[in-house]
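Listed below are the residues making up each chain.
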Amino acid sequence: MLPETPLLSIPKIGIGTFQLKDEQVVHNVLHSALSIGVRLIDTAQCYRNEDYISRSLSKLLPEFSISRSDVTIVSKLDPKNQGTEKARAAVEKTLDCFGGYVDVMLIHWPGVSKMKSDDPLVRERRKESWRVLEEFKENGKIGLIGVSNYTLYHLQDLMKYCRVKPNVLQNEFHPRYQEKDILSFCQQNNIIFMGYSPFGQSKLLSDKTVVKIADKHKVLPSNVLVQWAVQKGVVCIPRTSKPERVRENLDYSNFTLDNGDMQQMELLNDGHKFCWDPHRVI
């Protein structure tokens, strides 16, 4: 196993771009995010908006006098591009889109498109994809490499064959799905945990406990959910298609959840997933 590269300074919060398929919407959301100091942008090959983000940043960075090195771009390998040759070509395309360098590149899903989840070749394909990410990292074209939607089994399996340890894990994370075993694994192995869908597809914004805590602090439920994730040591990446919601969602820094609040949030953990479930993937 090669020596670890020191982790970059990853912002505590970012902006997700899942389902943002209109270029003007992407531009407006990024404009709002950058204007309030957000410096992490999460995308993926299967979101089909990497080029929109690149073009928007080419205009917005000068507008806000921001250096490219001050922004962390996260992208992910499309499940259809698993395997050596497909992964290499797909990563090259992402790199070309962002000027030859990406801060964080993840394997988006442990499975492979159009391949049964219990096919023995699935493990081999993702292993090949990991080798490709290692190569690009060693060549200096990717800052950090990692995975997304991996279970504890997938992570432990990855640690058996990797030469470069994963730097980042991005999984669904919110009070109803807290993945304590994986969070502990990441802390023990110096892996940054990024949490997507912090609002539970908006379902948690009306949860009685979350609303009660929000009223106590005179903030919005979205602020409580973001602050909870940050206090858990998780990089939080909410998404919205509405620029005006960006400031609302990410205005978390003017209050702190106390021990009682955190304990109440802990009790919401019932293992409910709102997004895709990788547990059947071998």
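Residues numbered from 1 in each chain as written. Predicted model: local features only at pLDDT ≥ 70, side-chain atom pairs only at ≥ 80, totals over all residues. Heavy atoms only, no water.

Draft legend 1. Spotlight on the overall build of the chain. Secondary structure summary: the chain contains ten helices and eight strands in total. Over its C-alpha atoms the chain spans a radius of gyration of 18 Å, differing by no more than 12% from the 19 Å that the globule rule assigns to 282 residues. If one aligns the C-alpha atoms of the chain with their principal axes, the spans along those axes are about 55 × 45 × 35 Å. Counting over 282 residues, the chain shows a buried share of 55%. (Helix = DSSP H or I, 4+ residues; strand = E, 2+ residues; numbered from the N terminus. Rg over C-alpha atoms; globule rule 2.2 N^0.38 Å. Buried < 20%, exposed > 50% of the residue type's maximum accessible area, 1.4 Å probe, protein only.)

Draft legend 2. Focus on the pattern of salt bridges. Applying the stated rule across the entire model yields 20 salt bridges. A salt bridge links lysine 76 to aspartate 42, with the shortest nitrogen-to-oxygen separation between them at 2.9 Å. In this pair, lysine 76 sits in strand 3 (residues 72-77) while aspartate 42 sits in strand 2 (residues 40-42), placing the two residues 34 residues apart along the sequence. Judged by relative accessible area, which is 3%, aspartate 42 ranks as buried. The salt bridge involving arginine 163 is made with glutamate 138; its shortest N-O contact spans 2.9 Å. Of this pair, arginine 163 sits in the loop between helix 5 (152-161) and strand 6 (168-172) while glutamate 138 is found in helix 4 (residues 121-138), placing the two residues 25 residues apart along the sequence. Looking at arginine 163, the relative accessible area reads 31%, which means it is partly exposed. (Salt bridge = Lys/Arg side-chain N within 4 Å of Asp/Glu carboxyl O.)

Draft legend 3. Just the side chain of asparagine 81, in detail. As for its position among the elements, asparagine 81 is in the loop between strand 3 and helix 3 (84-97). Note on asparagine 81: relative accessible area 14%, which makes it buried. At 3.1 Å, the side chain of asparagine 81 forms a polar contact with the side chain of glutamine 45. Once you skip the residues sitting within four places of it in the chain, asparagine 81 turns out to touch Gln45, Lys86, Ala87, Ala90 and Ser129. (Polar contact = N/O pair within 3.5 Å; in protein donor to acceptor, adjacent residues only side chain to side chain. Contact = heavy atoms within 4.5 Å.)

Draft legend 4. How the structure looks around the environment of lysine 232. Take lysine 232: it is sitting in the loop between helix 8 (221-231) and strand 8 (235-237). Each C-alpha atom of the pair lysine 232 and glycine 83 lies 34 Å from the other, and the pair is 149 residues apart in sequence. When sequence neighbours within four positions are dropped, the list of residues in contact with lysine 232 reads Phe173, Gln178, Leu183, Gln187, Met262 and Glu266.

Draft legend 5. Just the sheet that holds strand 1 (residues 15-16), in detail. One open sheet holds the eight strands; their spatial order is 1-2-3-4-5-6-7-8, and the pairing between them is parallel. Single-partner strands in this sheet number two, and they are strand 1 and strand 8. For strand 4 (residues 102-107) and strand 5 (residues 142-148), the ladder comprises five bridges, and the chain directions are parallel. Of the residues in strand 5, the one forming a bridge with leucine 106 is glycine 146. Against the sheet, helix 4 makes contact with strand 3, strand 4 and strand 5, and its axis sits at roughly 160° relative to strand 5, the strand it touches most. (Pairing = 2+ DSSP bridges. Axes fitted to C-alpha atoms, helices over the stretch in contact; angles between N-to-C directions.)

Draft legend 6. Highlighting empty space enclosed by the protein. By the definition in use, this model includes one cavity of 30 Å³ or more. The computed volume of the largest cavity comes to approximately 40 Å³. Lining the largest cavity are Asn149, Tyr150, Asn171, Glu172, Tyr177, Glu179, Tyr196, Lys273, Trp276 and Pro278. Here the lining of the largest cavity is composed, by residue class, of five nonpolar, two polar and three charged. (1 Å grid on protein atoms, 1.4 Å probe; cavity = no way out; pocket = protein on both sides within 12 Å on 5 of 7 lines; lining within 4 Å. Points joined across faces, edges and corners; volume = space filled by probe spheres on them. Nonpolar A, V, L, I, M, F, W, Y, C, P; charged D, E, K, R; others polar.)

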